[in-house]
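Structural features, examined
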Amino acid sequence: MTSPLFYKKIFLLLTFIIGCNFFFSQKKFTIVLDAGHGGSDIGANRYYSDIGTVMEKNVTLGIVLKLGRMLEKNKDYKVIYTRKIDEYPSLTYRTDLANRSKADLFISVHVNSSPSKSATAQGTETFVQGPNQNKTNLDVAKAENDVIFLDEKDKENFASYNPSSPESLIALKIQQSKYLEASLIIGGLVEDNFVKKDKRLSRGVKQENLHVLRMNAMPSILIETGFVNNYDDAHYISTEEGQQAIAESIFNAIISYKKMVDRNVKEPEPEKPVEQPLKNDFRILLMSTPNKYNENDPALKGLKYILPIKENGAYKYYYGTTNYASVRDTNLKTAKDAGFRNAMAISFMPNQTLGVGYYTLEIYAGKDKLDSKSTVMKILPNMTRNKENGIFYYTSGQYRTLEDAIKAQKELENKGVTNAIIEKKLK
Ligand SMILES: [Zn+2]
């Protein structure tokens, strides 16, 4: 059985992996730029009588240096070059460097060459991690993440991380497919720019089993910027202008890609519309009855915050006060759930003065007169006394609004006069 906790753990792990670069270390967006070939490895090449030999290693370095200069102008980016001169770093060195740097993106620049002598193949193409490389990538990711988790202070946040546990493994697999997804996105952006901005011919984004893509634990692409054995391509990629245009297209793609990453990482909460308060207050009318109940009477079914208001000889019991529709609806549901099936929400205009009559406080109702020596009489010696149907009613005060009456009721309560009931007197 897979528990919800299991998925929660995976989710947390993923959030951690994706977010760690940004949240914890707050490091710059690190890009490894890899100029293909170099030194004794000249890469694809072709001699033309007008421009001499076009060598892949020179074209790739030219593009990468131009691209790097553009990125370095922006303080959000950190650029790491696998080479800045005409030398040959091994493929393992290149991927190790990227993994060690915990780079966010790896971009390898190359020049294509078609096997046929006819040289009809033309245009750009971008490669991402191949379809059957997940296992290798996973091993790399496992090793790399070991390092990440052991040397960051986040160990305490993620003390239970264990690269051989099933949930960690699943998380890493998801991470790998996320890298592939991200690689496809940046690759697509690059190829789009080649077509739209530079009017190049694009052969699209493809998956291939290439070392620099397979051994990286981060989104990685390998860009073939043109065919050395195609006359137009070769002349384009060997010029400063051509290389500048290519560098700009890759640069723009990185900018767009980073924007997308930032959006995903920050995960802005979907803006919940803030509930606006209503003009009126709402109270839930539980019942209208000639019976007078005290606070804890079972007839009130355990509901608290009840305001009884006496009107025309009947007691109306109101539950809750709110000027928010959502709270009103919740209160109504609570009342119905408690057993007041006919409960309904009643609107009160705040601080409304009565056109006719006033509010008063009914302090006492009973068959016997109050003893003049009683506590209540001492606190409120000037109460109004009425007799109806053999019952004595004692009331106190005249208030213009319900709010004033409630305030007075609270003040009396503090003095020890409990169970006073607000009465609406219409005369
Ligand atoms: Zn190459």
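Owing to the predicted nature of the structure, the values given are computational and were not obtained by experimental measurement.

Here the focus is the overall build of the chain. If you tally the helices and strands in the chain, you get 11 helices and 16 strands. With 427 residues in all, the chain has 36% of them scored as buried. Counting only contacts in the chain whose residues sit at least 6 apart along the sequence, the fraction spanning at least 24 positions is 77%.

On to the sheet that holds strand 4 (residues 77-81), then. Sheet architecture is open: 6 strands sit in the order 4-1-5-8-6-7, paired in mixed fashion. Each of the sheet's edge strands pairs with one partner strand only, and the pair in question is strand 4 and strand 7 (202-208). The sheet shows a mean angle of 20° between the axes of neighbouring strands, taken without regard to direction. The sheet contact formed by strand 6 (residues 124-129) and strand 7 spans 5 bridges and is parallel. Bridge pairing in strand 7 links Val 128 to Gln 207. Contacting strand 1 (29-35), strand 4, strand 5 (105-112) and strand 8 (220-227), helix 2 (residues 56-72) runs over the sheet at an angle of about 145° to strand 5.

Turning to the confidence of the model for the chain, a few remarks are in order. On average, residues of the chain score 83 in pLDDT, and 81% of them reach the 70 mark or higher. A low-confidence stretch, residues 20-25 (pLDDT under 50), is modelled with 9 contacts involving residues beyond four sequence positions or located in other chains. Of the regions scoring below 50 in pLDDT, residues 143-161 engages in 18 contacts with residues more than four places distant in sequence or in other chains.

Right, let's get into the sheet that holds strand 16 (residues 421-425). Reading across from one edge, 12-9-11-10-16-13-15-14 is the order of the 8 strands in this open sheet, with mixed pairing throughout. Every interior strand has two partners, whereas the edge strands, strand 12 (344-348) and strand 14 (384-388), have only one. Averaged over all neighbouring strand pairs, the angle between strand axes comes to 40°, with direction disregarded. Pairing between strand 9 (residues 281-289) and strand 12: 5 bridges, direction antiparallel. Bridge pairing in strand 12 links Arg 283 to Ile 346. The sheet strands contacting helix 9 (residues 325-338) are strand 9, strand 11 (314-322) and strand 12, and the helix crosses strand 11 at an angle near 135°. Across the sheet, helix 11 (residues 402-415) is in contact with strand 12, strand 13 (358-366), strand 15 (391-399) and strand 16; its angle to strand 13 comes to roughly 40°.

Okay, the pairing of strand 5 next. Counting buried residues along strand 5, 8 of its 8 residues qualify, which places the element largely inside the surrounding structure. Here strand 5 shows no split at all, with Leu 105, Ile 107, Val 109 and Val 111 on one side and Phe 106, Ser 108, His 110 and Asn 112 on the other all buried. In the sheet, strand 1 pairs with strand 5 via 5 bridges, with the strands oriented parallel. Looking at the pairing, Ile 31 lines up with Leu 105 of strand 5.

What counts and what doesn't
Residues numbered from 1 in each chain as written. Predicted model: local features only at pLDDT ≥ 70, side-chain atom pairs only at ≥ 80, totals over all residues. Helix = DSSP H or I, 4+ residues; strand = E, 2+ residues; numbered from the N terminus. Buried ≥ 20, exposed ≤ 12 C-beta atoms within 10 Å, placed from the backbone. Contact = placed C-beta atoms within 7 Å. Pairing = 2+ DSSP bridges. Axes fitted to C-alpha atoms, helices over the stretch in contact; angles between N-to-C directions. pLDDT = per-residue confidence, 0-100.

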